[in-house]
Amino acid sequence: MQVGATTGPQTTQPSLSARTAPRSRCEPLEGLGLRRRRTRLNLGLSLFWRTFFLLVLLLVGCTVAWLQTFRALEYEPRAIQTAHQIASLVNLTRAALV
């Protein structure tokens, strides 16, 4: 036999106190992580879908804001143009009657 050689399989298992000490310190955190994962799984929305819905909401909001701005800026010129058309129609009618 060689010097330093041993017979049988060698296992390197930590002692009982080394296995239980970190486990007891991490146990509440692991339980909390599982609860959070279960909550996320119950919602059923992944990060992709949450981002997708946020972008859709942003796009719809921007479109509504643009339409309101367009209406507000377009309303006054349209009213002025209508007033000019009515005035010219009244002038033409008066000229036709005279």
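Read on for an overview of the structure.

Rules behind the numbers
- Residues numbered from 1 in each chain as written.
- Predicted model: local features only at pLDDT ≥ 70, side-chain atom pairs only at ≥ 80, totals over all residues.
- Heavy atoms only, no water.
- Helix = DSSP H or I, 4+ residues; strand = E, 2+ residues; numbered from the N terminus.
- Buried < 20%, exposed > 50% of the residue type's maximum accessible area, 1.4 Å probe, protein only.
- Areas by Shrake-Rupley, 256 points an atom, 1.4 Å probe, with all protein chains shown as cover.
- Expected span 1.5 Å × (residues − 1).
- Bend = angle between axes of the 7 residues up to and from the residue.
- Salt bridge = Lys/Arg side-chain N within 4 Å of Asp/Glu carboxyl O.
- Phe/Tyr/Trp six-rings, centres within 6.5 Å; stacked < 30°, edge-to-face > 60°.

## What about the overall build of the protein?
On a plain count of helices and strands, the protein comes out with 2 helices and 0 strands. Out of the 98 residues belonging to the protein, those deemed buried represent 0%. Surface summary for the protein: the accessible area is close to 9,800 Å², and the carbon and sulfur share equals 65%.

## Description of helix α2 (residues 47-97)
The terminal C-alpha atoms of α2, which comprises 51 residues, lie 73 Å apart, in line with the 75 Å expected from a rise of 1.5 Å per residue. At Y75, α2 is bent by approximately 30°, the largest bend along its length, and proline P77 sits one to four residues beyond.

## Things to note about the pattern of salt bridges
Between side chains of opposite charge, pairing is possible as soon as their charged atoms come close. Summed over the entire model, instances satisfying the criterion amount to 1 salt bridge. For E74, the salt bridge goes to R78, with nearest N and O atoms at 3.9 Å. Taken together, the residues E74 and R78, both in helix α2 and 4 residues apart, mark about one turn of the helix. The class of E74 is partly exposed, set by a relative accessible area of 30%.

## Comments concerning the packing of aromatic side chains
Per the stated rule, a full pass over the model turns up 6 aromatic pairs. Arranged with centres 6.4 Å apart and planes meeting at 20°, the rings of F48 and F52 form a pair that is stacked. In this pair, F48 and F52 are both assigned in helix α2, 4 residues apart and thus about one turn of the helix distant. Judged by relative accessible area, F48 falls into the exposed class, the value being 55%. On the basis of relative accessible area, F52 is assigned to the partly exposed category, the value being 38%.

None of the figures reported here should be taken as evidence of function without further support.
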